[in-house]
Amino acid sequence: MASETEIRPFRVDMPDEAIADLRRRIAATRWPSKELVDDRSQGVQLATSRELARYWATDYDWRACEARMNALPQFTTEIDGVNVHFIHVRSRHENALPLIMTHGWPGSVIELLETVGPLTDPTAHGGSAGDAFDLVLPSIPGYGFSAEPAELGWYAGRVAQAWAELMRRLGYTRYVAQGGDQGAAVTDAMGRQAPEGLAGIHMNLLVTALGGGAMPAGTEQERAALEQTKTFRATGFGYFLEQATRPQTIGYALLDSPLALAAWMLDHDTDAYYKISRAFVDEQPSGNLTRDHILDNITLYWLTGTGASAARSYWESGRAQALAAGQAPPPVKLPVGFTTFPGEIFRAPRSWVELGYPNLTYFHEAERGGHFAAWEEPEVFATEIRAAFKPLR
């Protein structure tokens, strides 16, 4: 009988009928009329959705994505009652630093795939052998090929505990962690929990500034960041509020209509939306945000039926925050690295980062990249990771 802690090899192999059904559903889409504005202020634009649908149904090849994933070592293991999927790539270089990276929403491990080469084989990407990482890329429970939690309580802090167990199970006694978006919340929680072996963390979304508390506004940078957070809450917060309060309601559309799922996933932040829209409408991708890679991620959600379960992670986080209201979280005493990317929802100034992480050891403002920094600019992203963790080698 297999042990609950057994690590099992995994391969992606979706049935032909599931792909045929996807195309049938795309063809059967009932379209709304065109938006009455010339920008995204009413939501995802009809021209973007129509071109995405056309390409998805006629030119897109899911099997190519399967081949990319299956070219990497993939595994599953049961942790705290949930079957967790993860990619695990060991570097060919000796003394590589183990790194666990966590994806966000509406992302998945797909958004991190292009970082595998630069991080595990840096000599082929402008780095040195001393920059190498052993890389662990897990799928958050309820996302991708990880199982859906069957009980309440899978908020970021519980995922963080599961990741510590995963790294222990893989035999790593010293490692670092990184995350953006939902992954930043998980990584923040790992830093506060400080499990044995965790040597430092790096993030590229400042979750400590999203709680609604007052932030300093004395400098031009701080005021600009404050305006960006106000804009996000006023005009870009719809998906966040729905998933934090009614994930089951939107889940019916996400599981029934491919175009509803695609539109919901595209309607995230302004910078990423327009980059993705240009990739489809104008065939002008921004870095690695190509039509195929964007659809790889959306199709993964569709074929695994995880639109609703992924949305629930926001509800879990909101519930955990409400339960912890008025309680100061444990401080992060580990070394903390942070990178601000110019296209992020808000450009976090160093003062804000230091307020949340007084033990900040690395801070940099990157020249390119947005909310999906690892996806859009994998080489820039990898350079940031190397620099942030270099003192810990």
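Criteria and cut-off values
Residues numbered from 1 in each chain as written. Predicted model: local features only at pLDDT ≥ 70, side-chain atom pairs only at ≥ 80, totals over all residues. Heavy atoms only, no water. Helix = DSSP H or I, 4+ residues; strand = E, 2+ residues; numbered from the N terminus. Rg over C-alpha atoms; globule rule 2.2 N^0.38 Å. Contact = heavy atoms within 4.5 Å. Areas by Shrake-Rupley, 256 points an atom, 1.4 Å probe, with all protein chains shown as cover. Lys, Arg positive; Asp, Glu negative; His and termini not counted. Charge placed at Lys NZ, Arg CZ, Asp CG, Glu CD. Buried < 20%, exposed > 50% of the residue type's maximum accessible area, 1.4 Å probe, protein only. Right-handed = clockwise from strand over helix to strand, strands pointing away. Pairing = 2+ DSSP bridges. Phe/Tyr/Trp six-rings, centres within 6.5 Å; stacked < 30°, edge-to-face > 60°. Lys NZ or Arg CZ within 6 Å of the ring centre and 35° of its normal. Core = buried A, V, L, I, M, F, W, Y, C linked by side-chain atoms within 4.5 Å. Salt bridge = Lys/Arg side-chain N within 4 Å of Asp/Glu carboxyl O. Axes fitted to C-alpha atoms, helices over the stretch in contact; angles between N-to-C directions. Parallel < 35°, antiparallel > 145°, perpendicular 65-115°, else oblique. Nonpolar A, V, L, I, M, F, W, Y, C, P; charged D, E, K, R; others polar. Left-handed = near helix turned anticlockwise from the far one by under 90°. Expected span 1.5 Å × (residues − 1).

Draft legend 1. Quick look at the overall build of the protein chain. For the protein chain, the helix and strand inventory stands at 16 helices and nine strands. For 393 residues, the compact-globule estimate of 2.2 N^0.38 gives 21 Å, and the protein chain sits close to it at 20 Å. Counting only C-alpha atoms, the protein chain reaches 60 × 55 × 45 Å along its principal axes. Nonlocal contacts in the protein chain, meaning residues at least 24 apart in sequence, comprise 77% of its contacts between residues at least 6 apart. Accessible surface computed for the protein chain: about 16700 Å², of which carbon and sulfur atoms make up 52%. Each charge sign in the protein chain was given a centre, from 35 positive and 48 negative side chains, and these centres are 2 Å apart.

Draft legend 2. Spotlight on the pairing of strand 7 (residues 198-203). With six of six residues buried, strand 7 lies mostly within the body of the structure. Handedness of the strand 6 (residues 175-179)-helix 6 (residues 182-193)-strand 7 crossover: right-handed. In the sheet, strand 7 pairs with strand 8 (residues 336-340) via three bridges, with the strands oriented parallel. Considered in strand 8, the bridge of I201 is made with V336.

Draft legend 3. Expanded view of the environment of V89. Mapping V89 onto the fold places it in strand 3 (residues 82-89). The sequence separation of V89 and R68 amounts to 21 residues, and the corresponding C-alpha distance is 13 Å. What V89 contacts, discounting residues up to four positions off in sequence, is L72, P73, V116, T120, F133, D134 and L135.

Draft legend 4. Spotlight on the packing of aromatic side chains. Evaluation of the coordinates by the stated rule reveals 18 aromatic pairs. Taken together, a centroid distance of 5.2 Å and an interplanar angle of 15° make the contact between W105 and Y239 stacked. On the criterion of sequence distance, the pair formed by W105 in the loop between strand 4 (97-102) and helix 4 (116-120) and Y239 in helix 8 (residues 238-245) is long-range, its members being 134 residues apart. We note that W105, like Y239, is buried. Following the ring pairs from residue to residue traces out a cluster consisting of W105, F232, F237, Y239, F240 and Y314. R393 extends its terminal NZ or CZ atom over the ring of F133, reaching a point 4.4 Å from the ring centre.

Draft legend 5. Representation of the sheet that holds strand 5 (residues 133-138) in the model. With respect to topology, nine strands assemble into an open sheet ordered 1-2-3-5-4-6-7-8-9, the strand pairing being mixed. Edge strands, defined here as strands with exactly one partner in the open sheet, are strand 1 (8-9) and strand 9 (360-365).

Draft legend 6. Local environment of the side chain of T120. Inspection of the secondary structure puts T120 in helix 4. According to the relative accessible area criterion, T120 is buried, its value standing at 8%. Among all residues touching T120, those that are not within four sequence positions of it are V89, S91, R92, H93, A132, F133 and L135.

Draft legend 7. Seen up close, the nonpolar core. Counting residues in hydrophobic clusters, the biggest one holds 117 residues, and the most contacted among them are W56 and I298. The biggest single contributor to this core is helix 5 (residues 156-169), with eight residues. Beyond its immediate chain neighbours, meaning those up to four positions away, I298 contacts L52, W56, L261, A262, M265 and L266.

Draft legend 8. Quick look at the pattern of salt bridges. Applying the stated criterion across every chain, the model contains 26 salt bridges. Among the salt bridges present, the one from D267 reaches R40, with a minimum N-O distance of 2.6 Å. With D267 in the loop between helix 10 (258-266) and helix 11 (270-281) and R40 in the loop between helix 1 (16-27) and helix 2 (46-58), the pair connects residues that are 227 residues apart, well separated along the chain. According to the relative accessible area criterion, R40 is buried, its value standing at 11%. For R68, the salt bridge goes to E114, with nearest N and O atoms at 2.4 Å. Placement of the pair is R68 in helix 3 (residues 62-70) and E114 in the loop between strand 4 and helix 4, with a sequence separation of 46 residues. Using a relative accessible area of 27% as the deciding quantity, one classes E114 as partly exposed.

Draft legend 9. Fine view of the packing of helix 2 against helix 12 (residues 291-304). Closest axis-to-axis distance for the helix 2/helix 12 pair is 11 Å, and the angle between their directions is 85°. Between helix 2 and helix 12, the angle falls in the class roughly perpendicular. Contact residues: E51, L52, R54, Y55 and W56 in helix 2; R291, D292, L295, I298 and T299 in helix 12. Considering only residue class, the contact of helix 2 with helix 12 consists of five nonpolar, one polar and four charged.

Draft legend 10. Expanded view of the packing of helix 2 against helix 10. Helix 10 packs onto helix 2 with a crossing angle of 125° between their chain directions and a minimal axis gap of 11 Å. As far as their axial angle goes, helix 10 and helix 2 are oblique. Relative to helix 10, the crossing made by helix 2 is right-handed. Seen from helix 2, the contacting residues are T48, S49, L52, A53 and W56; seen from helix 10, they are P258, L259, A262 and L266. Its residues assigned to classes, the contact of helix 2 with helix 10 comprises seven nonpolar, two polar and no charged.

Draft legend 11. Representation of helix 16 (residues 378-389) in the model. Relative to the 16 Å expected for 12 residues at 1.5 Å per residue, helix 16 spans 17 Å between its end C-alpha atoms, a close match to the ideal helical length. Most of helix 16 is tucked away, with nine of its 12 residues classed as buried. Among all positions of helix 16, only P378, V380, F381, A382, E384, I385, R386, A388 and F389 are buried.

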